Amino acid sequence: MTRKRVLSGMRPTGRLHLGHLFGALDNWRTLQETYECFFFVADWHALTTEYAEPSKIKEYTTEVVLDWLAAGLDPRKATFFVQSRLPEHAELHLLFSMFTPLAWLERVPTYKEQQEQITDKDLHTYGFLGYPLLQSADILIYKAHYVPVGVDQVPHVELTREVARRFNFLYRDVLVEPEALLTEFPKIPGTDGRKMSKSYNNAIFLADTADEIAAKIKPMITDPARKRRNDPGNPEVCPVYDLHKVFTPQHERDGVVVPGCTSAGIGCLDCKQILLKYALPVLGPVSERRAKLAQDPDAVQAILDDGTARARRVAQVTLGEAKAAMQI
Ligand code: TRP
Ligand code: SF4
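Residues numbered from 1 in each chain as written. Chains lettered and ligands numbered in written order. Predicted model: local features only at pLDDT ≥ 70, side-chain atom pairs only at ≥ 80, totals over all residues. Heavy atoms only, no water.

Before going further, it helps to spend a moment on the domain arrangement of the chain. If you check the domain split of the chain, you get domain 1 (5-188 + 297-325) and domain 2 (208-290). Relative placement of domain 1 and domain 2: their C-alpha centres are 36 Å apart. At the junction of the two partners, domain 1 supplies 14 residues and domain 2 supplies eight residues. Between domain 1 and domain 2, the buried area comes to about 910 Å², and carbon and sulfur atoms account for 64% of it. The largest contributions to the domain 1 side of the interface with domain 2 come from F22, A70 and K187, which together make up 46% of the buried area. Linking domain 1 to domain 2 there are three salt bridges. Two residues, D242 and K187, come together in a salt bridge whose shortest N-O distance is 3.5 Å. Applying the counting rule to domain 1 against domain 2 returns four residue pairs in polar contact (both at pLDDT 80 or more). Secondary structure elements with two or more residues in the side of domain 1 that touches domain 2: α1 (18-34) and α3 (57-70). Considering each element in turn, the side of domain 1 that touches domain 2 owes the most residues, five residues, to α3. (Domains from an automatic or database assignment. Contact = heavy atoms within 4.5 Å. Buried area = accessible area lost by both parts, 1.4 Å probe. Salt bridge = Lys/Arg side-chain N within 4 Å of Asp/Glu carboxyl O. Polar contact = N/O pair within 3.5 Å; in protein donor to acceptor, adjacent residues only side chain to side chain. Helix = DSSP H or I, 4+ residues; strand = E, 2+ residues; numbered from the N terminus.)

Quick look at α3 now. If you check α3, its first and last C-alpha atoms are 20 Å apart, about what 14 residues at 1.5 Å a residue would give, namely 20 Å. Summarising burial for α3: eleven of the 14 residues are buried, a large majority. Of all the residues in α3, the buried ones are I57, Y60, T61, E63, V64, V65, L66, D67, W68, L69 and A70. Backbone geometry just after α3 places G72 at a positive phi near 105 degrees. (Expected span 1.5 Å × (residues − 1). Buried < 20%, exposed > 50% of the residue type's maximum accessible area, 1.4 Å probe, protein only.)

On to the site of ligand 2, then. Every residue lining ligand 2 is accounted for by T222, D223, R226, C238, V240, C261, C268 and C271. Classifying every residue of the shell around ligand 2 by side-chain character gives five nonpolar, one polar and two charged. (Near = heavy atom within 4 Å. Nonpolar A, V, L, I, M, F, W, Y, C, P; charged D, E, K, R; others polar.)

Bringing the packing of helix α12 (residues 250-262) against helix α13 (residues 268-294) into the picture now. Their axes nearest at 11 Å, the elements α12 and α13 cross at an angle of 160 degrees. On the basis of their axis angle, the class for α12 and α13 is roughly antiparallel. Crossing geometry of α12 relative to α13 is assigned as right-handed. For the pair α12 and α13, the contacting residues are E252, V256 and V257 in the first and C271, I274, K277 and Y278 in the second. Among the residues forming the contact of α12 with α13, the class breakdown is five nonpolar, no polar and two charged. (Axes fitted to C-alpha atoms, helices over the stretch in contact; angles between N-to-C directions. Parallel < 35°, antiparallel > 145°, perpendicular 65-115°, else oblique. Left-handed = near helix turned anticlockwise from the far one by under 90°.)

So, in structure tokens, the structure goes:
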């Protein structure tokens, strides 16, 4: 019996942080046990928005792959590659562009939203309009059954299904309609209480050492009403407690953290110490693994070379079938 296939990608926008770890990466690590998984860095997709300043894309591509491996994604179980090393995706994207109605792309919600929200870049380009169609080619070229993504990406998977249906209707049954696997992202606040994000300067990165993590947690924002040590606090409005929810076992939260906070029995520094007691044994080894891998770029390159070769074998078959069906 062959396993169902999973495919997902990430744009190389910088080092990954806890938001990625407890959203996408944990999920991918589980999926790699059951499915035939393909995970890739979408560097062409980064270029659709960073075309004027592309200098970081290559560096970030390596950072992302290091973060994946450090987080426990395993090249013996899953296939890792970089999009731009597989021009097959671009060729299939071109073929798709021949029969995809412009209106399908113009009505994808991320298209207008991003054009309006991102004001420091001109996104009125052909490539940006085609972003979700390139994503469709990424997915369909592997005949993926499942695509784990966040809710913002669901319209892109929907478009992918429509493209597959149109292809199969116009030519013949070649492509597989994929399903989105909705990834849940637990609430991970940054050290300032806002959503964790590289651009807010409030992130804890997978690359951070145990000492760096402790130094970021100690000054972290807590319940703003708890000004003095004797004031009782409310964990439900405290960003430190959101981190306890992902690291600290329930019995310790219910037995020590919550009663200690609400009665002012423990101070915020004590509370952060408890958090570190549980977080560091998880995160310390991640940054150690990452540092070790970073010292061996050849090994990482070999993983990507091997992944590229494996991906290419699949991509070439689908591309060949698509071309034959389109009589070209
Ligand atoms: N657009 C996705 C994102 O920004 C990245 C991506 C590109 C992707 N191609 C993909 C995700 C194919 C899933 C499948 O997150
Ligand atoms: Fe937050 Fe803990 Fe301080 Fe309560 S004791 S406010 S949960 S850091």
